[in-house]
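Observations on chain architecture
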Amino acid sequence: MGSKGVLARAEGSPVRRLAWLAAARLARARAILAAVSSLEMAGRSVPPEAKGGVYATLAFACLVSAGTALSLRRVRSVRRFGAVQVLLDLATVSALVHFTGGADSVFISLYVLVVVYGALFFERRGALGVAGLAAACFGAVLAAQRLGWIATYDAEVPLPLLATVWGVHGGALLVSAFLASFLSGELRMADQALDRSRRDLHRLQRLHARTVESLLSGVLTTDQAGRITSMNPEAERMTGRRASELLGHAVERVLPGVLELLQPGEPGARPRARM
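Residues numbered from 1 in each chain as written. Predicted model: local features only at pLDDT ≥ 70, side-chain atom pairs only at ≥ 80, totals over all residues. Heavy atoms only, no water.

**Some details on helix H4 (residues 78-99)**
Note the following rule: For the purposes of this entry, the term helix denotes a DSSP run of H or I that reaches at least four residues, the term strand denotes a run of E that reaches at least two, and both are numbered from the N terminus. Given a helix with a known number of residues, its expected span is that number minus one, times 1.5 Å.
Spanning 22 residues, H4 covers 32 Å between terminal C-alpha atoms, matching the ideal 32 Å at 1.5 Å per step. One or two steps after H4, the chain reaches Gly-101, where phi turns positive at roughly 115°.

**Here's the deal with helix H3 (residues 48-71)**
Condition: Classification of residues uses two cut-offs on accessible area relative to the type maximum, computed with a 1.4 Å probe and protein chains only: under 20% is buried, over 50% is exposed, and between them is partly exposed.
Across its 24 residues, H3 extends 35 Å between first and last C-alpha, which sits within 8% of the 34 Å expected from 1.5 Å per residue. Here H3 has its buried residues at Ala-50, Gly-53, Val-54, Thr-57, Leu-58, Ala-61, Val-64, Ser-65 and Thr-68.

**Details of the pairing of strand E1 (residues 219-222)**
Inclusion rule: Pairing between strands is defined by DSSP: at least two bridges between them are needed.
Along E1, one buried face is formed by Val-219 and Thr-221 and the opposite face, lined by Leu-220 and Thr-222, is buried too. Across three bridges, E1 lies against strand E2 (residues 228-231) in antiparallel orientation. Across the sheet, the residue bridging to Thr-221 is Ser-230, located in E2. Between E1 and E2, which pair antiparallel and follow one another directly, the connecting turn spans five residues, one of which, Gly-226, has a positive phi of 85°.

**Side note on the confidence of the model for the chain**
Put simply, the rule is: A score between 0 and 100, pLDDT records how confident the predictor is in each residue. Two residues form a contact once any of their heavy atoms are found within 4.5 Å.
The share of residues in the chain with pLDDT of 70 or more is 80%, and the mean pLDDT across the chain is 76. When mean pLDDT is compared element by element in the chain, H4 scores highest at 87, while helix H1 (residues 3-7) scores lowest at 37. Counted against residues more than four places away or in other chains, residues 265-269, with its pLDDT under 50, gives two contacts.

**Some details on a nonpolar patch on the surface**
Put simply, the rule is: Only residues whose relative accessible area exceeds 30% and that form no salt bridge enter a patch; like-charged residues are grouped when within 9 Å of one another, and nonpolar side chains (Val, Leu, Ile, Met, Phe, Trp, Tyr) when within 5 Å. Here the Shrake-Rupley method, with its probe set to 1.4 Å, supplies the accessible areas, and only the displayed protein chains count as covering residues. Any carboxyl oxygen of Asp or Glu that lies within 4 Å of a side-chain nitrogen of Lys or Arg is treated as forming a salt bridge with it.
On the surface, a nonpolar cluster with roughly 360 Å² of combined accessible area is contributed by Leu-147, Trp-149 and Ile-150. By secondary structure assignment, the location of Trp-149 is in the loop between helix H5 (110-147) and helix H6 (159-214).

**Remarks on the pattern of salt bridges**
Per the counting criterion, the structure on display carries three salt bridges. Asp-200 serves as the salt-bridge partner of Arg-203, at 2.2 Å between the closest nitrogen and oxygen. Linking Arg-203 with Asp-200, this pair stays in helix H6, spanning three residues, or about one helical turn. For Asp-223, the salt bridge identified is with Arg-227, shortest N-O distance 3.3 Å. Asp-223 sits in the buried class, given a relative accessible area of 19%. Judged by relative accessible area, which is 40%, Arg-227 ranks as partly exposed.

Here you go:
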């Protein structure tokens, strides 16, 4: 299926959520930059040797967001594309956690946002999988710092405390996965109900239009302001004007004095004139 076929289902589908993801990633990058500035103002500055890594990570996040926005019209497999986005976000958050102190980083909670993305794209099983992967990424950062495989930008944390930090955050990620998947399911059902309502409304509108068109009497409808909203063919024949010429114009232009003859209907109902 081509990209046009995918975009035809964009409303209420993961394609729209990909657009949200790109916008949210840009907003998150700006929030992180503001948070880093606030930390420096509060005296808890990022180590000088880590600042380059923090800013490079934020620049990478912005580039990924721009790439996501530019690629939306070419997406063929939304789930696969969403999976790539989740992996890129996990890598971005892990790098940010590494450069801002590992176990002491104030940005560990950003893993929760990635789990929420997973719930939006992959439902409960996918959300739990993303939560497990996020916990593994966080654990890998802690282990690599502890073993000296990557630089440590903060004081060394004792191993028991390190395990506790990882366990607490891992549990929080699993809880977030359950909650996010539940909310995602509710959102999906609401989207489906809205789509059904729209389809029903369109069918009713078509039925109304065909019914009015088939009447032998001339029928003309207006809105509450007295502007013409529809005319059937018989009304066109009787007035000698085409509906396309009169839609949106005051009914008094076609039938002077007709509004005085109309009986008020139910609140919100459209006045209808029969000729």
